[in-house]
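Summary of structural features
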Amino acid sequence: MTAVYKVSYVVRGGTHPGAILNEEKRPQVGQRVKLGAQEFEVVEVVDLMPARGDFSFLHVTLQSPKK
Amino acid sequence: MNLPEILSQVELFEGLNRDELENIASICKEQSFRSGDVVTRQGETGDQLFVIWDGLVEVVHEEAPHDPAPRTVVNLGQGQVFGEMALVDYGPRSATIRVISDRATVQAIQRDAFMELCESQTHLGYVVMRNIAADLSFKLRHQHLVGR
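With that out of the way, let us pick up the overall build of chain B. Looking only at helices and strands, chain B has 5 helices and 8 strands in total. Order of helices (α) and strands (β) in chain B, N terminus to C terminus: α-α-β-β-β-β-β-β-α-β-β-α-α. By the compact-globule yardstick of 15 Å for 148 residues, chain B fits well, its C-alpha radius of gyration being 15 Å. In terms of its C-alpha atoms, chain B occupies a principal-axis envelope of roughly 45 × 30 × 30 Å.

What follows deals with the sheet that holds strand S8 (residues 103-110) of chain B. Pairing is antiparallel in the open sheet, where 4 strands are placed in the order S1-S8-S3-S6 (chain B). Of all the strands in the sheet, just strand S1 (28-34) and strand S6 (81-82) of chain B have a single pairing partner and so form its edges.

Chain A puts 25 residues into the contact, and the matching count from chain B is 26 residues. Between chain A and chain B lies a buried interface of about 2,100 Å² when both sides are counted; carbon and sulfur atoms form 60% of it. The largest contributions to the chain A side of the interface with chain B come from A:Pro17, A:Ile20 and A:Arg52, which together make up 30% of the buried area. Our count for the chain A to chain B interface comes out at 4 salt bridges. Where A:Arg52 meets B:Glu11, a salt bridge forms, and the shortest distance between an N and an O atom there is 3.0 Å. Our enumeration of links across chain A and chain B arrives at 10 residue pairs in polar contact (both at pLDDT 80 or more). Broken down by secondary-structure element, the contributors of at least two residues to the side of chain A that touches chain B are strand S1 (4-11), strand S2 (19-23), strand S4 (38-52) and strand S5 (55-63) of chain A. Ranked by the residues each element gives to the side of chain A that touches chain B, the list is headed by S1(A), at 6 residues. Taken together, the residues of the side of chain A that touches chain B break down into 14 nonpolar, 8 polar and 3 charged.

With that settled, the discussion passes to the packing of aromatic side chains. The final tally for this structure, using the stated rule, is 2 aromatic pairs over all chains. With a centroid separation of 6.0 Å and an interplanar angle of 55 degrees, the aromatic rings of A:Phe57 and B:Phe138 are classed as tilted. Here B:Phe138 lies in helix H5 (residues 122-145) and A:Phe57 lies in strand S5, a pairing that spans two chains. Given a relative accessible area of 1%, A:Phe57 falls into the buried group. Ring plane angle 15 degrees and centroid distance 5.0 Å describe the contact between B:Phe50 and B:Phe82, whose orientation is recorded as stacked. Of the two residues, B:Phe50 is situated in strand S3 (residues 48-54) and B:Phe82 in strand S6; the sequence distance between them amounts to 32 residues. The pair formed by B:Phe50 and B:Phe82 is uniform in burial state, with each residue classed as buried.

A separate point is the pattern of salt bridges. Within this structure, the stated rule accounts for 12 salt bridges over all chains. Note that A:Lys6 and B:Asp135 form a salt bridge whose closest N and O atoms lie 2.5 Å from each other. Of the two residues, A:Lys6 sits in strand S1 while B:Asp135 sits in helix H5, which places them in two different chains. In terms of burial, A:Lys6 and B:Asp135 fall into one category: buried. Measuring nitrogen to oxygen at the nearest pair gives 3.1 Å for the salt bridge that ties B:Glu22 to B:Arg18. Remark: B:Arg18 and B:Glu22 occur in helix H2 (residues 18-26); sequence separation between them is 4 residues, near one turn of the helix. Overall, B:Glu22 belongs to the partly exposed group, its relative accessible area being 36%.

In this section: H2(B). Residue and element names in this part refer to chain B. Within the sequence span of H2, burial applies to Glu20, Leu21, Ile24 and Ala25. Projected down its long axis, H2 carries its buried residues within an arc of 145 degrees, all on one side. Away from its buried face by more than 90 degrees, H2 exposes Asp19 and Ser26. Those residues of H2 that are buried lie in contact with helix H1 (3-7), S1, S8, helix H4 (111-120) and H5. A side-chain oxygen of the first residue of H2 lies 3.1 Å from the backbone nitrogen of Asp19; this N-cap is Asn17.

About the thresholds
Residues numbered from 1 in each chain as written. Chains lettered and ligands numbered in written order. Predicted model: local features only at pLDDT ≥ 70, side-chain atom pairs only at ≥ 80, totals over all residues. Heavy atoms only, no water. Helix = DSSP H or I, 4+ residues; strand = E, 2+ residues; numbered from the N terminus. Rg over C-alpha atoms; globule rule 2.2 N^0.38 Å. Pairing = 2+ DSSP bridges. Contact = heavy atoms within 4.5 Å. Buried area = accessible area lost by both parts, 1.4 Å probe. Salt bridge = Lys/Arg side-chain N within 4 Å of Asp/Glu carboxyl O. Polar contact = N/O pair within 3.5 Å; in protein donor to acceptor, adjacent residues only side chain to side chain. Nonpolar A, V, L, I, M, F, W, Y, C, P; charged D, E, K, R; others polar. Phe/Tyr/Trp six-rings, centres within 6.5 Å; stacked < 30°, edge-to-face > 60°. Buried < 20%, exposed > 50% of the residue type's maximum accessible area, 1.4 Å probe, protein only. Arc of directions from axis to C-beta.

Following this line, the structure appears as structure tokens:
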């Protein structure tokens, strides 16, 4: 089985409630991420708790992309 | 990919062997929804747990005396679980779940069939209950980080 990254996305500023999603790849700082129709930029990636089996648990902070 | 293989990519079932995944698959019922559909409503009685197969839902806390406007607390996507609180504590639904993607597909698991499996197959029951606890812990950690 391939790795699964369970990600807690929190959006800095604004009113977006954030999201919890499974991802196939570990998010990287600077990467763009779409939550529904909105796009954000990754500013921080932290391991939230130790991996278990094929699952890694991450916390990712997002912000609106700089124009 | 067949249903047991797909279930193996859901954290709730991490640690189950092939036979156990097939037993879980046998009690899953697929349900499809469209944007705006309500899957569960806060305050109602619930006896199903849901695994999101595809799509995105929002978790909404309806108005309360101390919180007069409905508030979306988080969005959940593929592989995530909802309805687990009412499943294990038999209480009313703690939030309304509404589909916000064009379409969403979930696997619904009935409490009676689920509890019967957990009680008759103790390894399966232990692993799934541990994973439900871990999932609730993850959601709590997420909430602690919102508005940090």
